[in-house]
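Summary of the model geometry
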Amino acid sequence: MTQKEMAEAKRQLRLEKERARVEALCEFEKKYPEAEYICGIDEVGRGPLAGPVVAGAVILPKDARILHINDSKKLSPKRREELYEIIREAAICWNVGYASPERIDEINILQADYEAMRQAVLGLAVKPDLLLVDAVHIPGLDDIHQVSIIKGDAKSQSIAAASIMAKVTRDREMVEYDKVYPGYDFASNKGYGTAAHIAALKEIGPCAIHRRSFIGHFIA
């Protein structure tokens with residue numbers, strides 16, 4: 001076997017392993033053959049000191065198999081951007097929901113999560129028959145069957161797709177906020193409490209997108 005043939009054989013083996021991994025990510029989806037439209041839901045941005053929480057909702061065709069899809073936290077920014085475009089093209093429909101920093105302060109982060117997830121689902125062009133949700137049950141959507149999956153973004157292709165759409169959407173927004181509110185390095189930290197971000201918060205104080213309920217002990 002030539003070096004070229006060996007390289008091709010290795011490539012095919014990697015491809016087969018990746019296809020098997022993605023097929024395994026569809027086990028939850030395959031448990032519900034009666035559901036025509038299965039929607040994966042996930043949120044990002046619970047922990048940052050600044051910026052919104054963003055929820056994604058994605059309905060994929062039941063035969064969709066998206067290579068390299070995974071929990072958004074396990075993917076590089078470049079891979080997430082690539083998959084964002086692939087999911088956007090492949091999805092039957094998708095949507096994102098938001099809860100602003102002011103809303104988070106008003107109703108707390110858990111209720112804001114639920115609000116963003118409801119918004120994402122209710123804004124879909126097609127009503128889902130089944131919701132696959134990462135770890136929680138969403139109040140206010142009781143007319144749709146929900147299945148809560150612990151660490152669902154690493155176990156379900158639909159939830160992983162939702163996590164990617166939410167993560168890319170929020171990251172892009174934080175890059176834009178960095179231009180409006182310079183000094184906090186939002187483009188890099190995405191609002192999370194890095195040492196540099198906390199130092200800037202103490203030096204120049206909070207901006208309009210900081211969560212007051214999250215930053216009190218930093219600026220006291």
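A few points on the structure.

Procedures and definitions
Residues numbered from 1 in each chain as written. Predicted model: local features only at pLDDT ≥ 70, side-chain atom pairs only at ≥ 80, totals over all residues. Heavy atoms only, no water. Buried < 20%, exposed > 50% of the residue type's maximum accessible area, 1.4 Å probe, protein only. Helix = DSSP H or I, 4+ residues; strand = E, 2+ residues; numbered from the N terminus. Pairing = 2+ DSSP bridges. Axes fitted to C-alpha atoms, helices over the stretch in contact; angles between N-to-C directions. Contact = heavy atoms within 4.5 Å.

The subject of this paragraph is the pairing of strand 3 (residues 93-99). Of all seven residues that make up strand 3, five are buried, and the element is covered over most of its length. Sheet topology note: the strand 2 (residues 53-59)/strand 3 ladder contains seven bridges and is antiparallel. Residue pairing for strand 3: V54 is matched across the bridge by Y98.

To summarise the sheet geometry, strands pair through backbone hydrogen bonds and adopt either a parallel or an antiparallel arrangement. Here five strands make up an open sheet; going across it, the order is 3-2-1-4-5 and the pairing mixed. Only two strands of the sheet have a single neighbouring strand rather than two, namely strand 3 and strand 5 (145-149). The average angle at which neighbouring strand axes cross in this sheet is 20°, direction not considered. Examined bridge by bridge, strand 1 (residues 38-44) and strand 4 (residues 130-134) share four bridges and lie parallel to one another. Residue I41 lies in a different strand from strand 4, and its bridge partner there is V133. Packed onto the sheet, helix 5 (residues 109-122) meets strand 1, strand 2, strand 3 and strand 4 and runs at close to 150° relative to strand 3.

Mapped onto the elements, Y181 comes out in the loop between helix 6 (157-180) and helix 7 (186-189). Classification of Y181 by relative accessible area gives partly exposed; the value is 23%. Spatially, the C-alpha atoms of Y181 and I209 are 8.8 Å apart, while their sequence positions differ by 28 residues. Those residues in contact with Y181 that lie beyond four places of it in its chain are F186, C207, A208 and I209.

Turning next to the pairing of strand 1. Burial analysis of strand 1 places seven of its seven residues in the buried class, the great majority of the element. Here strand 1 shows a buried face lined by I38, G40, D42 and V44 and a second buried face lined by C39, I41 and E43. Pairing analysis gives six bridges linking strand 1 to strand 2, with the strands arranged antiparallel. Across the sheet, the residue bridging to V44 is V54, located in strand 2.

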